[in-house]
Amino acid sequence: MSNVNAASVGAATVSAPETRTYTSKERNFYLCGLVGQNIIYNIIGSALAYYFQFTLLIPAVAVSTIMAIARVWDAINDPIMGTIVDKTRSKWGKCRPFLIYVPLPLFIVTTLCFVNFGFYEESQTAMNVLIIGWAVFTYLMWEVVYTVGDIPLWGVTSLMTDVEKDRQKLLSLARIFGGVGAGITLLAMQPAALMVGGWIAKPIGIEMAGSEEAWIALNEQQEAMSKEFNIELEKYNADPAAYTAETGLDYDALAAKYLTTNEIIAEATRQGERWGFTIAAVAFGLLGCGLFQLCGPKIKERVPSSEKQYTLKENLQIMFRNRPFRQILLSGILGSPRMLIQTAAMPLISYYFADKDPLMAIVYMVVLGGGVFVGQFAAMAFAPKMLTKISKKNLYNYSNLAGVVPFMMIYAFYKIDPTGMADWYWVIALFFMFIIAGASLGMSTVLQTYMISDCIDYEEYTNGVRPDGVFFAGQTFISKIQAGIATIISGIFYAIYDFSDENIDKVNNYIAAGLTPRDIPEFENFMLVLFIIVSIPPAIGCLISVIPTWKYCLDDAEHKRILAELARRRSENEAAIADASAESAADPSDITNG
């Protein structure tokens, strides 16, 4: 009996390490959840700042302040949530409980972010305080609920498999499908909001005008004046000095004579756009949260969590003593301006290219925004294959540096032809620059996820603890601080160029009157800042993001050695458990035989 037990023990001791990985069904449901979660994220990450500044007319400085407050809150909120995840032990695991229950509350707070009390105006201090206060409150509430779902969503990837190849494949697909979700929102939400807003503006305008006939007459009158202004402006632009000598009108006098907007049309358009964004947020929120809900119940956590649990203070110490993670965190923060190509795309396309026309907004979003996503998806899809030839560190650094070129070319194109960027040949040129910029961004994003996952293995190897939650809280923090810093930078530039509140309202009114802002000399600086924001700061972000990772300390060879050692340790631990169980079962029979 004892010989049999010894043989069993020996067999258990020398058994090969067991591999654990997900099924194709689990992978597919996980990726559906990623699509939905990224739809939700980009409703807030891209559309909310636009809604605050360009629809509600909250000043750019105030929008930047809101984002700054949120980033301070994130520094507290994200590590707390990461610690909660790492301490969670349940029959579903440590990440799945949050994924099962968070989508519905996330939908509610997402909708509330787009429900407000009116428009910011200098003459109504109390109402302005209420508008900004509600914006801050709902945005911070959204940050909390989003974090409760985001950290487990990424953290669970390291618990679904312990096979590095499968994990890399899952993370690459996660970034691609996350990009699909982001693309759905970025390409479609603003045009949808403008389209719905246009439908709603008509009945509002009819009510304000007193009858449908009066509303039609106001629009016809406005259209006639706009056409007359465009005719005179073309004559003025051809030879300003000759036009002024002949008519006695310089540009200011010309604008004062012809460039008038009807307040009923302007107010109906404002109200329609506000309601359009609220309705679009509800529709896209339902889609996103519905897909997100598919994830939690349908996946499994296969890699056992470490028994050790740490306090928030200890988890923060773990994060910041982990040198490779510190390098990735700092690189991500320095590279934040790159995100302006996404967060500032809506105002660029809306005001320069599409004149807030829903159909044209869709066209330019698909062409220019689509260029970014084509580049991102291609880079993310090819990342695993490229990693067979190039190390993570080198691919990360070189892809960031490559992004400098297309961003600077975007600015150069604008300076060559400031009013002609909507011509087909410039649109094609911009499309290719956006593809290259998107490829740079996509490659660095997916590699950042790989490298953070490597840092978890490094921590388990070094200290025997696997802090999935707290490290992916770091990734969540990087993503949100990048979007926040990008919004703050854009707010600063908008403030410098005075493209804020009253001037935005003025441009909106001219667009409502049928005019094209890029053709109006008065708005030249406003169009310039739209191109500056998506070119120069992102180029700088690409350049400085490689400073912390140029000498990245966790190379691929060392990580492979760490994975082999972790597999050996787990195998030994399982064999020891099997030995203990065998010995426990053998004792009664030994006594009986004796």
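Refer to the structure presented above.
The notes below deal with the structure included here. (Residues numbered from 1 in each chain as written. Predicted model: local features only at pLDDT ≥ 70, side-chain atom pairs only at ≥ 80, totals over all residues. Heavy atoms only, no water.)

### A few points about the packing of aromatic side chains
Summed over the entire model, instances satisfying the criterion amount to 32 aromatic pairs. Taken together, a centroid distance of 6.2 Å and an interplanar angle of 45° make the contact between Tyr 51 and Phe 52 tilted. In this pair, the class of Tyr 51 matches that of Phe 52, namely buried. On the basis of an interplanar angle of 50° and a centroid distance of 6.0 Å, the ring pair of Tyr 236 and Tyr 251 is categorised as tilted. Placement of the pair is Tyr 236 in helix α9 (residues 212-238) and Tyr 251 in helix α11 (residues 251-258), with a sequence separation of 15 residues. Residue Tyr 236 shares its accessibility class with Tyr 251, and that shared class is buried. (Phe/Tyr/Trp six-rings, centres within 6.5 Å; stacked < 30°, edge-to-face > 60°. Buried < 20%, exposed > 50% of the residue type's maximum accessible area, 1.4 Å probe, protein only. Helix = DSSP H or I, 4+ residues; strand = E, 2+ residues; numbered from the N terminus.)

### Examining the pattern of salt bridges
Any two side chains of opposite charge can pair if their charged atoms end up close together. In the structure shown here, the tally under the stated rule is 15 salt bridges. Between Glu 565 and Arg 568 there is a salt bridge, with the nearest N and O atoms lying 2.5 Å from each other. In this pair, Glu 565 and Arg 568 are both assigned in helix α26 (residues 556-593), three residues apart and thus about one turn of the helix distant. The network of salt bridges with common partners includes Glu 263, Glu 267, Arg 270 and Asp 505. (Salt bridge = Lys/Arg side-chain N within 4 Å of Asp/Glu carboxyl O.)

### What about the packing of helix α8 (residues 164-209) against helix α21 (residues 424-463)?
Relative orientation and spacing of two packed helices are given, respectively, by the angle between their axes and the distance between those axes. For the pair α8 and α21, the least separation of the axes is 9 Å and the interaxial angle reads 145°. With respect to the hand of their crossing, α8 and α21 are arranged in right-handed fashion. Judged by residue contacts, Glu 164, Arg 167, Gln 168, Leu 171, Ser 172 and Arg 175 of α8 engage Thr 445, Val 446, Gln 448, Thr 449, Tyr 450, Ser 453, Asp 454 and Asp 457 from α21. Per-class residue counts for the contact of α8 with α21 are three nonpolar, six polar and five charged. (Axes fitted to C-alpha atoms, helices over the stretch in contact; angles between N-to-C directions. Left-handed = near helix turned anticlockwise from the far one by under 90°. Contact = heavy atoms within 4.5 Å. Nonpolar A, V, L, I, M, F, W, Y, C, P; charged D, E, K, R; others polar.)

### Considerations on the side chain of Thr 449
Within the element layout of this structure, Thr 449 appears in helix α21. Polar side-chain contacts of Thr 449 include one of 2.7 Å to the side chain of Arg 175. (Polar contact = N/O pair within 3.5 Å; in protein donor to acceptor, adjacent residues only side chain to side chain.)

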